[in-house]
Amino acid sequence: MSKGRRVRSRFLYVQCNHCNNKQVIFGCAKTKVNCLACNTPLLISTGGKALLTKNPVTKLPNAHILEILDRSL
Ligand SMILES: [Zn+2]
């Protein structure tokens, strides 16, 4: 009797706070995502949730989300 919603394909448009590189990340994959330009770990995606990786020194996230792109297929 589960009536969970279907998970949509969700893409996150994020910008690296270190080099300002912008990239699109598939938010539903369970994966760590590094910046394509400077290889900083940007976020950890845990299947639906995306946790922004924080800098241990500054406590600031390594990236910020510019836009969430929802796509129902
Ligand atoms: Zn970067």
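Just so it is clear, the structure is predicted and the values come from calculations on it, not from any experiment.

(A) Broad picture of the UniProt feature "binding site: Zn(2+)" (unreviewed entry) in the protein. Cross-referencing UniProt, the feature "binding site: Zn(2+)" (unreviewed entry) maps to Cys16, Cys19, Cys35 and Cys38 in the present numbering. The named residues occupy 23 residues along the chain; their greatest pairwise C-alpha distance, 8.8 Å, places them in one compact cluster. Along the polypeptide, Cys19 turns up in the loop between strand S1 (9–16) and strand S2 (22–26). If we ignore the near neighbours within four places in the chain, the residues touching Cys19 are Cys35, Ala37 and Cys38.

(B) Inspection of the nonpolar core at higher detail. Of all hydrophobic cores here, the largest spans 9 residues; its members are Leu12, Val14, Cys16, Ile25, Val33, Cys35, Leu42, Leu43 and Ala63. Of all elements in the fold, only S1 and strand S4 (41–46) reach the threshold of two or more residues within this core. By residue number, the principal contributor to this core is S1, which donates 3 residues. Setting aside its immediate chain neighbours within four residues, Val33 contacts Gln23, Ile25, Thr40, Pro41, Leu42 and Leu43.

(C) Quick peek at the sheet that holds strand S3 (residues 30–34). Strand order in this open sheet of 3 strands is S3-S4-S5, and the pairing throughout is antiparallel. Every other strand in the sheet has two partners, leaving S3 and strand S5 (50–52) as the edge strands with one partner each. Sheet twist, expressed as the mean angle between neighbouring strand axes with direction ignored, is 20 degrees. Judged from the 3 bridges that link them, S4 and S5 form a sheet pairing that is antiparallel. In the strand pairing of S5, Leu43 is matched with Leu52.

(D) Quick peek at the coordination of the zinc ion. At this site the zinc ion is bound by Cys16 (SG), Cys19 (SG), Cys35 (SG) and Cys38 (SG), with donor distances of 2.3 Å. Coordination geometry of the zinc ion: the 4 donor atoms subtend angles of 105 to 113 degrees at the metal centre, consistent with an arrangement described as tetrahedral. The sequence pattern formed by the donor residues of the zinc ion is C-x2-C-x15-C-x2-C. Taken as a pair, Cys16 in strand S1 and Cys35 in the loop between S3 and S4 lie far apart in primary sequence, 19 residues in all. Of the residues examined, Cys16 reaches a relative accessible area of 0% and is grouped as buried. Overall, the relative accessible area of 2% leaves Cys35 in the buried class.

About the cut-offs
- Residues numbered from 1 in each chain as written.
- Predicted model: local features only at pLDDT ≥ 70, side-chain atom pairs only at ≥ 80, totals over all residues.
- Heavy atoms only, no water.
- UniProt positions renumbered as here; feature names shortened; annotations may be inferred.
- Helix = DSSP H or I, 4+ residues; strand = E, 2+ residues; numbered from the N terminus.
- Contact = heavy atoms within 4.5 Å.
- Core = buried A, V, L, I, M, F, W, Y, C linked by side-chain atoms within 4.5 Å.
- Buried < 20%, exposed > 50% of the residue type's maximum accessible area, 1.4 Å probe, protein only.
- Pairing = 2+ DSSP bridges.
- Axes fitted to C-alpha atoms, helices over the stretch in contact; angles between N-to-C directions.
- Donors = N, O, S within 2.8 Å, 3.2 Å for Na, K, Ca; no water.
- Tetrahedral: all angles 85-135°; square planar, octahedral: opposite > 155°, others 65-115°.

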